[in-house]
Amino acid sequence: VGASVASLAINYIYGHANGYGLPAINSVTTGAGALAEILGTALLVFVIFGVAVDKRSVAASHPGLPIGLTITAIIFSVGPITGAALNPARWFGPAIVSGDWTNAWVYIVAPIAGALIAGFAYQAIAKPE
């Protein structure tokens, strides 16, 4: 609901030229876009596990900075390729409002796959308590 309302607000403020804030795959194949979303989501979830979930972290009391910096880096690197949705809900709200379902599988499957990869990788690498 929040993503849909934000999409409507973007449309009202900027007009149809903004495309309702809908992420889009630019200048790469759909497979490359999916890989970018998988890797971006995996990195973000891995950092969240490391600084916000794992109580052994030195950043456990203030995880916002490393998470925010990670999101910024991912947006700078993945954003120009796919819009860096990193979350099916981030894509779904604007898709509902715009009616554009192009590359829907990328924005649904890739973040889920990236999160699962991060979970298994963190379990295997960090071995949390």
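Here goes a summary of the coordinates provided. (Residues numbered from 1 in each chain as written. Predicted model: local features only at pLDDT ≥ 70, side-chain atom pairs only at ≥ 80, totals over all residues. Heavy atoms only, no water.)

## Some thoughts on the overall build of the chain
- On a plain count of helices and strands, the chain comes out with five helices and zero strands.
- Order of helices (α) and strands (β) in the chain, N terminus to C terminus: α-α-α-α-α.
- Among the 129 residues that make up the chain, the fraction classed as buried is 35%.
- If you sum the accessible surface of the chain, you get close to 7300 Å²; carbon and sulfur atoms cover 72% of it. (Helix = DSSP H or I, 4+ residues; strand = E, 2+ residues; numbered from the N terminus. Buried < 20%, exposed > 50% of the residue type's maximum accessible area, 1.4 Å probe, protein only. Areas by Shrake-Rupley, 256 points an atom, 1.4 Å probe, with all protein chains shown as cover.)

## Details of the nonpolar core
- In this structure, Ala-36, Leu-44, Val-47, Val-51, Ala-59, Ile-67, Ile-74, Val-78, Ala-84 and Leu-86 together form the largest nonpolar core, which totals ten residues.
- When residues in this core are grouped by element, the largest group, four residues, is from helix H2 (residues 30–53).
- If near-sequence neighbours (up to four positions away) are discounted, Ala-84 is found in contact with Glu-37, Ile-74, Ile-75, Val-78 and Gly-79.
- Of all hydrophobic cores here, the second largest spans nine residues; its members include Leu-22, Trp-91, Ala-104 and Val-106. (Core = buried A, V, L, I, M, F, W, Y, C linked by side-chain atoms within 4.5 Å. Contact = heavy atoms within 4.5 Å.)

## Details of the side chain of Ser-7
- Within the secondary structure, Ser-7 is located in helix H1 (residues 2–14).
- Relative accessible area serves as the criterion here: at 1%, Ser-7 is assigned to the buried category.

## Things to note about the packing of H2 against helix H3 (residues 64–82)
- The interhelical angle for the contact between H2 and H3, taken along N-to-C directions, is 180 degrees, at an axis separation of 10 Å. In terms of orientation, H2 and H3 fall into the roughly antiparallel class. Here Gly-33, Ala-36, Glu-37, Gly-40, Leu-43, Leu-44, Val-47, Ile-48, Val-51 and Ala-52 of H2 lie close against H3, whose contacting residues are Pro-66, Ile-67, Thr-70, Ile-71, Ile-74, Val-78, Ile-81 and Thr-82.
- Its residues placed into classes, the contact of H2 with H3 shows 13 nonpolar, four polar and one charged. (Axes fitted to C-alpha atoms, helices over the stretch in contact; angles between N-to-C directions. Parallel < 35°, antiparallel > 145°, perpendicular 65-115°, else oblique. Nonpolar A, V, L, I, M, F, W, Y, C, P; charged D, E, K, R; others polar.)

## A few points about a nonpolar patch on the surface
- Side chains of Trp-105, Ile-108, Val-109, Ile-112, Leu-116 and Phe-120 sit close together on the surface and give an oily, nonpolar patch of about 620 Å² of accessible area.
- Among the structural elements, Trp-105 can be located in helix H5 (residues 104–125). (Patch = residues over 30% accessible without salt bridge, like charges linked within 9 Å, V, L, I, M, F, W, Y side chains within 5 Å. Salt bridge = Lys/Arg side-chain N within 4 Å of Asp/Glu carboxyl O.)

## A few points about the packing of aromatic side chains
- Inspection of every chain in the model, using the stated rule, returns six aromatic pairs.
- Look at Trp-91 and Trp-101: their rings are 5.6 Å apart centre to centre, the planes differ by 70 degrees, and that puts the pair in the edge-to-face class. Of this pair, Trp-91 sits in helix H4 (residues 88–98) while Trp-101 sits in the loop between H4 and H5, and the two are ten residues apart along the sequence.
- The exposure class of Trp-91 is buried, given its relative accessible area of 1%.
- Taken together, Trp-91, Phe-92, Trp-101 and Tyr-107 form an aromatic cluster joined through their ring pairs. (Phe/Tyr/Trp six-rings, centres within 6.5 Å; stacked < 30°, edge-to-face > 60°.)

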